[in-house]
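# Structural overview
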Amino acid sequence: MQCIFCKIIKKEIPADFISETDTFVIFKDIEPAAPIHYLIVPKEHIQSIAHLEGNHKEILASLIYGARDEAKKIGLKGYKLVFNVGREGGQVVDHLHLHLLGGWQNDGDIDHRKIPL
Ligand code: AMP
Ligand code: ZN
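Small disclaimer: the values here were computed from a predicted structure and weren't measured.

### Quick notes on the site of ligand 1
The environment of ligand 1 is formed by Ile4, Ala15, Asp29, Ile30, Glu31, Leu39, Asn84, Gly90, Gln91, Val92 and Val93. Here the shell around ligand 1 is composed, by residue class, of six nonpolar, three polar and two charged.

The following block contains the structure:
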């Protein structure tokens, strides 16, 4: 059985897509933990950061650059980039993904310890 993010990538189930490249897709998180909450997801099924192999360096870099470029495009001055790794690290979906969180007006708007990720 395929994972939920593989199904989203193949457009077998709907998602709110922001952009797509040869390497990754970006779509909105269904349960946003911030005014802007996107997921940057590689098209290749890799379980987590803990499962990266030597040939995944370019994919990993592309996720970070993809998040940076998207943040710049939508005018975020500051943001968080989060990888949850394993159940003990809060990972629920076992397909590598980078959370892009932002959209707060200024530091007074956020309590960093209360972001539910
Ligand atoms: P993590 O806890 O790091 O595994 O994050 C998984 C994220 O995927 C959570 O923030 C969920 O809200 C999000 N999510 C789960 N299912 C969907 C979906 N069908 N569309 C968009 N986001 C989803
Ligand atoms: Zn997958």
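### Regarding the sheet that holds strand S4 (residues 79–82)
Reading across from one edge, S1-S2-S3-S5-S4 is the order of the five strands in this open sheet, with antiparallel pairing throughout. Edge positions in the sheet fall to strand S1 (17–20) and S4, since each has one partner strand and no second. Strand after strand, the sheet turns through a mean of 20° between neighbouring axes, direction not considered. Here helix H2 (residues 57–73) sits on the sheet and contacts S1, strand S2 (24–28), strand S3 (36–42), S4 and strand S5 (98–102); the angle it forms with S5, its principal contact strand, is near 20°.

### Brief notes about H2
The terminal C-alpha atoms of H2, which comprises 17 residues, lie 24 Å apart, in line with the 24 Å expected from a rise of 1.5 Å per residue. Among the residues of H2, Leu63, Gly66, Ala67 and Ala71 are the ones counted as buried. Here the buried residues of H2 occupy an arc of 125° about the axis, which is enough to place them on one side. Residues of H2 that are exposed and point over 90 degrees away from its buried face: Lys57, Glu58, Ala61, Lys72 and Lys73. Where H2 is buried, its residues meet S2, S3, S4 and S5. Of the residues flanking the end of H2, it is glycine 75, one or two places downstream, whose phi is positive at about 85°.

### Concerning the environment of alanine 34
Position of alanine 34 among the secondary structure elements: in the loop between S2 and S3. What makes alanine 34 buried here is the crowd of 20 C-beta atoms within 10 Å. Expressed as a C-alpha distance, the spacing of alanine 34 and tyrosine 79, which sit 45 residues apart in the sequence, is 9.9 Å. Those residues in contact with alanine 34 that lie beyond four places of it in its chain are Leu101, Gly102, Gly103, Trp104 and Ile115.

What counts as what
- Residues numbered from 1 in each chain as written.
- Chains lettered and ligands numbered in written order.
- Predicted model: local features only at pLDDT ≥ 70, side-chain atom pairs only at ≥ 80, totals over all residues.
- Near = placed C-beta within 6 Å.
- Nonpolar A, V, L, I, M, F, W, Y, C, P; charged D, E, K, R; others polar.
- Pairing = 2+ DSSP bridges.
- Helix = DSSP H or I, 4+ residues; strand = E, 2+ residues; numbered from the N terminus.
- Axes fitted to C-alpha atoms, helices over the stretch in contact; angles between N-to-C directions.
- Contact = placed C-beta atoms within 7 Å.
- Expected span 1.5 Å × (residues − 1).
- Buried ≥ 20, exposed ≤ 12 C-beta atoms within 10 Å, placed from the backbone.
- Arc of directions from axis to C-beta.

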